[in-house]
Amino acid sequence: MAFKAFVLPVLLYQSECAVMTPAHISAMSTFANRCYRTMTGTTWGEQWSQRITKQQLASKAHMRTCASYLKERALSWLGHLARMPPGRLPRIALFAVMEDGERGRGQPPTTARRRMHGLLTGLPQDLTDAKEPELQTRLATKGWISLTDDREAWR
């Protein structure tokens, strides 16, 4: 409970709206896994020799993987953006498109828009894994923005 109350909020601070590169996600996951090993009394060598996965280690600590917390926070923030009025700057910045649709050479490898696109692309699979056929149907027929209007369903 102390980890969820004190460490996790500091670890995930501003992660929902920041541009998270794979290196950032890996570093955060590494730290969280080290904490999970400490909480469960498992050494790195034991985890390696017994082939304990990150998911198994996290569930042994009664937690989820760091990546799932990152995804949850980013999707929550995306829901807030979708419910904002169209004139608000954060919404304009996320949904803005270049006039010709393409950015020139030298573009950043990871942007907030690409990260959100990746999360939304994986959303149907997440709903399948969570066994939510009703939400999966609503997502396919009405789109993700209409799904964010129902806050409980979006959670």
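Residues numbered from 1 in each chain as written. Predicted model: local features only at pLDDT ≥ 70, side-chain atom pairs only at ≥ 80, totals over all residues. Heavy atoms only, no water.

J.: Quick question: what am I supposed to make of the overall build of the protein here?
T.: In terms of helices and strands, the protein carries 10 helices and zero strands. What you see in the protein, going N to C, is helices and strands ordered as α-α-α-α-α-α-α-α-α-α. Overall, the protein is about 55 × 40 × 25 Å in size when its C-alpha atoms are taken along their principal axes. A buried classification covers 31% of the 155 residues belonging to the protein. Across the protein, the fraction of contacts at a sequence separation of at least 24, relative to all contacts at a separation of at least 6, is 54%. Accessible surface computed for the protein: about 10400 Å², of which carbon and sulfur atoms make up 59%. (Helix = DSSP H or I, 4+ residues; strand = E, 2+ residues; numbered from the N terminus. Buried < 20%, exposed > 50% of the residue type's maximum accessible area, 1.4 Å probe, protein only. Contact = heavy atoms within 4.5 Å. Areas by Shrake-Rupley, 256 points an atom, 1.4 Å probe, with all protein chains shown as cover.)

J.: Before we go on, may I ask you to explain the environment of Ala112 in this structure?
T.: Here Ala112 lies in helix α7 (residues 112-129). Taking the C-alpha atoms as reference, Ala112 lies 27 Å from Phe3; in sequence the two are 109 residues apart. Setting aside its immediate chain neighbours within four residues, Ala112 contacts Val19 and Leu94.

Structural measurements only, silent on function.
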